[in-house]
Amino acid sequence: MSLFSLLLGIQYASIALMIFICAWITKKWTKPLHGWLFFYSIAVLGNNAGYLGVMLSHTQTETIMALQFSYLFRIWIPYSIFMFTILLCTKRKLHKTLSLLAVLHVTVYILVLFTKYNTLYYRTIDFTQEGLFPHIIHTNGTAHHIYDALILSYALIGLRLLFRSFRNQKNLHKKKRIFFIATAIITDILFYILQLCNVIPGYDITVLGYTIASLFFCIAIFRYDLLETKEIARDIMIDRLSEGIIVTDTEDIIQYLNEPAKLLFPEIKIESDTVPAIIAEAAKQGSHKHISISQKTFAIEKKELIHDEKSYGNLYALIDETEHIALMKEKEQQKIRQIQMKALERQIRMGNETIFAIANAVEARDKNTGKHSWRVSEYSVKIAKELGFTSPQLEQLRKTALLHDIGKIGVPDSILNKPAKLTDEEYKIMKTHTTTGGEILKDFSLIPNVDEGAKFHHERYDGKGYPEGLQGKQIPLNARIIGIADAFDAMTANRIYRKALDLDFVKTELKRCSGSQFDPEMTEILLNLIEEKIINPSETVQKAETSKTID
């Protein structure tokens, strides 16, 4: 195998490697630092592809065109490395400097692009067929020397910044990152020097150097800085917490303090000091251990910061318990009552689940009106939205509507599922489901006024309803909404004894009963919703069939 074939193979391999690196960076990209690494890698990829064209060219024109394409990317390689290093070591945003240096690099490319019209970059240029492959022989002009000096300046400033960061950095993880970045820059410099020494005549060895340096950059960023501890902590919004927060790395060196923690420990130096012994000791003993700091009492909680199954350090939360403890000492009996209230709340929550279980049981028993309560709740919420109900009010109404027929738990199956018309005595029993439901729900405090929906949804606007014969606005608003939704579903859903009524007929009935059975305002809203197809009985019935239970 000839040296040319070997170098050509290396060139193809370097292009493939840079494509892989660019794709890898894109996948791992999480912050601006990665953006500059991506810029560098794209520049190296374009440079390598252009120089491959140089190696495969046969004429001076082809060679110059390939070289110009290569330079379109090459001029940005040292620029991107320099900006990457500045951002890593200083965190500064040098917008003016960026613009000025960018103009210089663009100027260099313009000189290369129009090289046959000027001698600033290449003073002389010739073409030879001798050597490994046909190539250009040139002597450098003034602009080329200035460009070389600029690249050297980039390298010296970058290495100086990296050396200072390495010396000041106490975190071993970050030291290794800086080491690999410095190695990448040194690699670029060494290969640049080898190119000046013309180690391989006719072959630009910096192309290979840039590729090797890219590997060191990737190791530095993705092996030693995939996510910094500080950023992981901020991802869980520690800046917004009221508790004091201290974040450390895996060696317990402090990386971040939020404002409350800074007020408690103003003397702490970030990335230098470890967690105060008083906090570390309390964390070992658990959150029941309290410590006193600045005349306040704190509970300490320690959480490990884990990302992708890898530990990045710990988070210490300082929870101010001062007022709580003082209150407990002053009012021991109140503490007992609070404990009792919490127990009661748990019982009520359990009662909540029980009530909804009963509602499902009622639906299961009433074969005549399957999923009726679910559909009534859907219609009720849509009507209430037009009335301007808030989200909490809509949720309360939804639950109230779901439970409006809960009183049917006390109605015998023979009456509840009778396929024929009820007798007067049976109808009298059926009507008791309103008062039974009101009694069941009257002490159910988690849903305000939930009993009103069950008790009054059969009241009429003209006062001829039951159980109390309320009239007009005497009927609670939720009950008026549920009442018309209940009647609408009764007419538009299939029953054992009949099919759903025609929608035009239902609308006629709603208009006829407006002001007598139904609140005129609710009637108008419902008719508009039907007209605008916001309420569609057939779709609601079908949707209800896919819902397994009420919840």
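Residues numbered from 1 in each chain as written. Predicted model: local features only at pLDDT ≥ 70, side-chain atom pairs only at ≥ 80, totals over all residues. Heavy atoms only, no water.

K.L.:
Please clarify how the overall build of the chain should be interpreted in this entry.
P.N.:
Looking only at helices and strands, the chain has 23 helices and seven strands in total. The buried share among the 551 residues of the chain stands at 46%. In the chain, 60% of the contacts between residues at least 6 apart in sequence involve partners at least 24 apart. (Helix = DSSP H or I, 4+ residues; strand = E, 2+ residues; numbered from the N terminus. Buried < 20%, exposed > 50% of the residue type's maximum accessible area, 1.4 Å probe, protein only. Contact = heavy atoms within 4.5 Å.)

K.L.:
How do you make sense of the packing of aromatic side chains when you look at a structure like this?
P.N.:
In this description, an aromatic ring pair is defined by two values, namely the gap between the centres and the angle between the planes. Enumeration according to the criterion identifies 16 aromatic pairs in this entry. Measuring from ring centre to ring centre gives 5.8 Å for Tyr-51 and Tyr-203, while their planes differ by 70°; the resulting arrangement is edge-to-face. With Tyr-51 in helix 2 (residues 32-56) and Tyr-203 in the loop between helix 7 (172-196) and helix 8 (206-224), this pair connects stretches of sequence that are 152 residues apart. A residue is classified by how much of its surface remains accessible, and Tyr-51, at 4% relative accessible area, is buried. You can call Tyr-203 buried: its relative accessible area is 3%. Each member of the aromatic cluster is reached from another via a ring pair, and the members are Trp-36, Phe-39, Trp-76 and Tyr-79. It is Arg-74 that lies over the ring of Tyr-71; its NZ or CZ is 5.0 Å from the centre. (Phe/Tyr/Trp six-rings, centres within 6.5 Å; stacked < 30°, edge-to-face > 60°. Lys NZ or Arg CZ within 6 Å of the ring centre and 35° of its normal.)

K.L.:
Would you explain the environment of Glu-271 in this entry?
P.N.:
With respect to the secondary-structure elements, Glu-271 resides in the loop between helix 10 (259-264) and helix 11 (277-285). Accessibility expressed as a relative area gives 27% for Glu-271, which makes it partly exposed. Considering only alpha carbons, one finds Glu-271 and Asp-252, 19 residues apart in sequence, at a separation of 9.8 Å. In this structure, Glu-271 is in contact with Gln-169, Lys-170, Lys-174, Ile-253, Ile-254 and Gln-255, ignoring residues within four places of it in sequence.

K.L.:
Teacher, can you tell me more about the pattern of salt bridges here?
P.N.:
Pairing is possible between side chains of opposite charge, provided their charged atoms come close. Enumeration according to the criterion identifies 14 salt bridges in this entry. When the shortest N-O distance is used, the salt bridge between Glu-509 and Arg-512 registers 2.6 Å. With a gap of three residues between them, Glu-509 and Arg-512 both fall in helix 21 (residues 503-513), about one helical turn apart. The exposure class assigned to Glu-509 is buried, which follows from its relative accessible area of 17%. Put simply, Lys-473, Arg-480 and Asp-519 are held in one network by salt bridges that share partners. (Salt bridge = Lys/Arg side-chain N within 4 Å of Asp/Glu carboxyl O.)

K.L.:
Would you explain the packing of helix 14 (residues 372-386) against helix 15 (residues 391-402) in this entry?
P.N.:
Orientation of helix 14 relative to helix 15, taken along the N-to-C sense of each, is 150°, at an axis distance of 8 Å. Considering their axes alone, helix 14 and helix 15 lie roughly antiparallel with respect to each other. Classified by chirality, the crossing of helix 15 by helix 14 is right-handed. Here helix 14 contributes Ser-373, Trp-374, Val-376, Ser-377, Ser-380, Val-381, Ala-384 and Lys-385 to the contact with helix 15, which in turn contributes Leu-394, Leu-397, Arg-398, Ala-401 and Leu-402. (Axes fitted to C-alpha atoms, helices over the stretch in contact; angles between N-to-C directions. Parallel < 35°, antiparallel > 145°, perpendicular 65-115°, else oblique. Left-handed = near helix turned anticlockwise from the far one by under 90°.)

K.L.:
Hey, could you run me through the pairing of strand 3 (residues 244-248) in this one?
P.N.:
When a strand is regular, its side chains alternate between the sheet's two faces. Of all five residues that make up strand 3, five are buried, and the element is covered over most of its length. Residue alternation in strand 3 divides its side chains into two sets, Gly-244, Ile-246 and Thr-248 and Ile-245 and Val-247, and both sets are buried. In this antiparallel pair of consecutive strands, strand 3 and strand 4 (residues 254-257), the connection spans five residues, and Asp-252 shows a positive phi of 65°. (Pairing = 2+ DSSP bridges.)

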